[in-house]
Each structure stands twice: as structure tokens, then as C-alpha cells.
Amino acid sequence: MGSHVQPSSMFSLAKYLAQIIVMGVQVVGRAFARALRQEFAASRAAADARGRAGHRSAAASNLSGLSLQEAQQILNVSKLSPEEVQKNYEHLFKVNDKSVGGSFYLQSKVVRAKERLDEELKIQAQEDSEKRQKPHT
């Protein structure tokens, strides 16, 4: 009625299949490990490129309790320009004033965001002056 497969050939087929699976897992594992090492190396290189500025910015985030991205979102600024930060700050501060039905909590968030962005602008100005002072070799 049906074809009958011998147990020994079934065993060798299962063994062969298991070997293929093991080899496939090893290949994928090696590729994953290589990709992970490359990602770590790229991350380390990016961190080194940011240098001290990255440390300053992280310290400013820790002090203010806001990340740079959060502060930019609160004040609705995409690029760090002192004029845009000031303009958006003034508008958001006024509309969140308690005397016009605003929220003191939101107003304080606006103030903290401005402080964080002002600190970042100061860090960038310091970096720019340090770059200008270093002689190009």
C-alpha cells in the first residue's frame, strides 16, 4: 500500500537533518556575533567622536532632569537656535500662566526645558571656541 522506509535510513535521515540544523544555527550565531561586535565598535567610535561634549551634555541632562530631546519637544524646537528657543519659551510661558487659566506644572516644565536648552547652547559655544583655539595639524 505505501512505501516502507527502513528504520536505519530513517535514523540516518534524522541524523543528517540534525547536522544541517546545527550547522545553520552555528552560521547564524557567528553572523549575529560579528554584527554585534561591529555595532559595539561603531557605538564606541561614535562615543569617542562625541568626546567630552557628550559627557557635558549627559551631565546637563542629569542636573536638569530632562534629556536634550525632551527639552526640544517641550519647547517645540527642532534645531538649537537661541532665537527659536527664546521665542517658543516666551510664548509657552505666557499661555501657561496661571492668571490666564494655564498650568503651573506645564509652565515649570517650560522653564526647565529652557534651562536645559540654554545649557546645551552654552556647551556648544564652548566646543566651538575650543575648536577655534586648537591649531589644525
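This text goes with the structure placed above it.
Structure report, in brief.

Definitions and limits used
Residues numbered from 1 in each chain as written. Predicted model: local features only at pLDDT ≥ 70, side-chain atom pairs only at ≥ 80, totals over all residues. Heavy atoms only, no water. Helix = DSSP H or I, 4+ residues; strand = E, 2+ residues; numbered from the N terminus. Areas by Shrake-Rupley, 256 points an atom, 1.4 Å probe, with all protein chains shown as cover. Salt bridge = Lys/Arg side-chain N within 4 Å of Asp/Glu carboxyl O. Expected span 1.5 Å × (residues − 1). Contact = heavy atoms within 4.5 Å. Buried < 20%, exposed > 50% of the residue type's maximum accessible area, 1.4 Å probe, protein only.

### Notes on the overall build of the protein chain
Broken down by element type, the protein chain carries four helices and zero strands. In the protein chain, the succession of α and β elements from N to C terminus is α-α-α-α. Carbon and sulfur atoms form 59% of the exposed surface of the protein chain, whose accessible area is close to 10800 Å².

### Points about the environment of leucine 80
If you trace the backbone, leucine 80 turns up in the loop between α2 (68-75) and α3 (82-95). Expressed as a C-alpha distance, the spacing of leucine 80 and aspartate 118, which sit 38 residues apart in the sequence, is 9.2 Å.

### Some words on the pattern of salt bridges
For the coordinates displayed, the defined rule picks out four salt bridges. A salt bridge links arginine 112 to glutamate 115; the shortest N-O distance between them is 2.9 Å. Separated by three residues within a single helix, arginine 112 and glutamate 115 lie in helix α4 (residues 104-133), roughly one turn from each other. Among the salt bridges present, the one from glutamate 120 reaches arginine 116, with a minimum N-O distance of 2.9 Å. Remark: arginine 116 and glutamate 120 occur in helix α4; sequence separation between them is four residues, near one turn of the helix.

### Quick notes on α3
The terminal C-alpha atoms of α3 lie 20 Å apart, and with 14 residues this matches the ideal 20 Å at 1.5 Å per residue to within 8%. The inward-facing, buried residues of α3 abut α2 and α4.

### Considering the side chain of glutamine 107
Position of glutamine 107 among the secondary structure elements: in helix α4. Overall, glutamine 107 belongs to the buried group, its relative accessible area being 9%. With sequence-adjacent residues up to four places away left out, glutamine 107 is seen in contact with Phe93, Asn96 and Asp97.

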